[in-house]
Amino acid sequence: MTPVSNPLNPDNLDPRNKKQRIDELAAGSGGTATLTVDDAGHIEESTGVSLIASAWRRLRRNPVFLLGAGITLLFVLLAIFAPLIAPHDPTKGLLLDKVRPQSNPVPGPEAGFPLGADTSGRDVLSRLIVGSRQTLIVGVFATLFGLAGGMSLGVLAGAFSGWVDSLVMRIVDVMLSIPSLLLAVSIAALASRPSQWTVIIAIATVQVPIFARLLRGSMLAQRSSDHVLAARALGVKRSAIVFRHMLPNSLGPVIVQATLVIAGAIIDAAALSFLGLGNPDDRQPEWGQMLGKAQNNIFDNPALAIWPALCIIVVALGFTLMGESLREALDPKSRR
């Protein structure tokens with residue numbers, strides 16, 4: 001740390017003047033300066049930074065985060081502008097006349113169709129691009145609904161003690177005791193007619209206990225913090241303490257977890273669609289649905305299954321890398 005340039009030499013000041021000088025430096029820096037006094041009595045000043053600013057400094061130099069953020073950003077942009085980017089209409093069998101069930105069930109790559117077509121003569125590349133939108137919708141909405149439900153239970157358990165906390169956590173424990181994919185399949189199978197929304201609801205239900213337990217733990221840690229104890233001593237209402245002091249300071253780990261949950265939601269959505277529990281209308285392409293349809297021709301043309309599988313893996317990897325990097329940057333205990 002660089003010593004503070006001061007016309008008054010701190011070595012020549014008595015202890016009371018040194019304390020006054022420290023107070024002046026802290027006030028002049030707007031509270032962002034870190035002031036220390038070494039064994040010799042020298043006053044040293046260094047500029048302090050917030051947790052977010054400190055985390056961003058590490059993230060922008062972290063190649064793992066940059067790779068994950070790049071993949072995620074590319075996926076989001078591709079999903080938003082999918083209808084404009086897709087070279088062909090994914091619902092039209094433009095190469096249907098070249099489909100021969102006996103000799104050529106799947107048309108191969110050719111000019112204008114770099115990845116070939118499926119058994120209905122539809123362009124595979126266009127279906128992959130447009131399918132990214134459906135995958136993003138399922139992943140984001142499932143995560144948002146799961147986050148909303150988990151936060152509701154987490155706030156109840158973290159704000160209240162006694163039987164409320166015990167009841168909520170027993171419900172969470174029961175949900176966590178069932179394998180997530182098995183629970184999602186069971187919920188989706190209860191629907192009389194499978195659709196995209198049944199997949200979203202099934203995956204969101206699976207994510208609820210994860211967010212609930214994480215938020216409860218963060219709020220319990222905040223309950224014994226100094227600023228919460230001070231607010232209680234001043235007679236602040238419980239609702240104000242929960243929503244103004246405890247909840248805002250507990251959201252950091254939950255937001256980081258949400259980036260990791262999106263990756264899991266995309267994989268679970270692909271699994272449900274692969275099993276036929278998703279949208280049955282293949283005119284709206286989705287990567288898991290394409291992967292399931294490709295099983296009938298897996299030996300004739302494995303590329304029909306390889307391309308959607310690679311898309312799922314790469315996108316899930318992008319969200320995972322970004323989420324893990326955020327966790328390491330925001331949590332001092334997990335920094336490398």
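Computed from a predicted structure; not experimentally measured. Note on numbering: residues in each chain are counted from 1, in written sequence order. In view of the model being predicted, local features appear only for residues whose pLDDT reaches at least 70, and side-chain atom pairs are presented and counted only at 80 or more, with totals across whole chains, interfaces and linings using the full set of residues. Side-chain figures throughout are based on the complete set of non-hydrogen atoms in the structure, without hydrogens or water.

(A) Focus on the overall build of the protein chain. Think of it this way: any DSSP run of H or I at least four residues long counts as a helix, any run of E at least two long counts as a strand, and we number them from the N terminus. When you go through the protein chain residue by residue, the secondary structure sums to 13 helices and two strands. Type-normalised accessible area, obtained with a 1.4 Å probe on protein chains alone, sets the label of each residue: buried when under 20%, exposed when over 50%, and partly exposed for intermediate values. Here the protein chain, with 336 residues, has 41% of them falling under the buried criterion. We call two residues contacting when some pair of their heavy atoms lies within 4.5 Å. Residue pairs at least 24 apart in sequence account for 66% of intrachain contacts in the protein chain once pairs closer than 6 positions are excluded.

(B) Main features of the pattern of salt bridges. For this analysis, a salt bridge means a side-chain nitrogen from Lys or Arg found within 4 Å of a carboxyl oxygen belonging to Asp or Glu. Under the counting rule described, the total for this entry stands at seven salt bridges. Here aspartate 165 and arginine 216 are joined by a salt bridge, their closest N and O atoms 2.8 Å apart. Separated by 51 residues along the polypeptide, aspartate 165 in helix H6 (residues 163-177) and arginine 216 in helix H8 (residues 196-223) bring together distant segments of the chain. Among the residues examined, arginine 216 registers a relative accessible area of 21% and is labelled partly exposed.

(C) Region of the structure containing the nonpolar core. Residues belong to a common nonpolar core when they are buried Ala, Val, Leu, Ile, Met, Phe, Trp, Tyr or Cys residues joined through side-chain atoms within 4.5 Å. If you look at the biggest cluster of nonpolar residues, it comprises 26 residues, and the most contacted ones within it are Phe75, Ile266, Trp287, Val315, Phe319 and Leu326. Residue assignment for this core shows that the elements contributing at least two residues are helix H3 (63-80), helix H5 (124-159), helix H11 (251-274), helix H12 (287-293) and helix H13 (303-330). Looking at this core element by element, the count peaks at nine residues for H13. Discounting chain neighbours no more than four positions away, the residues touching leucine 326 are Leu59, Phe65, Val256 and Thr259. Counting 15 residues, the second-largest nonpolar core is a separate cluster that includes Ala159, Met219, Val254 and Ala258.

Just geometry here; none of it tells us what the structure is for.
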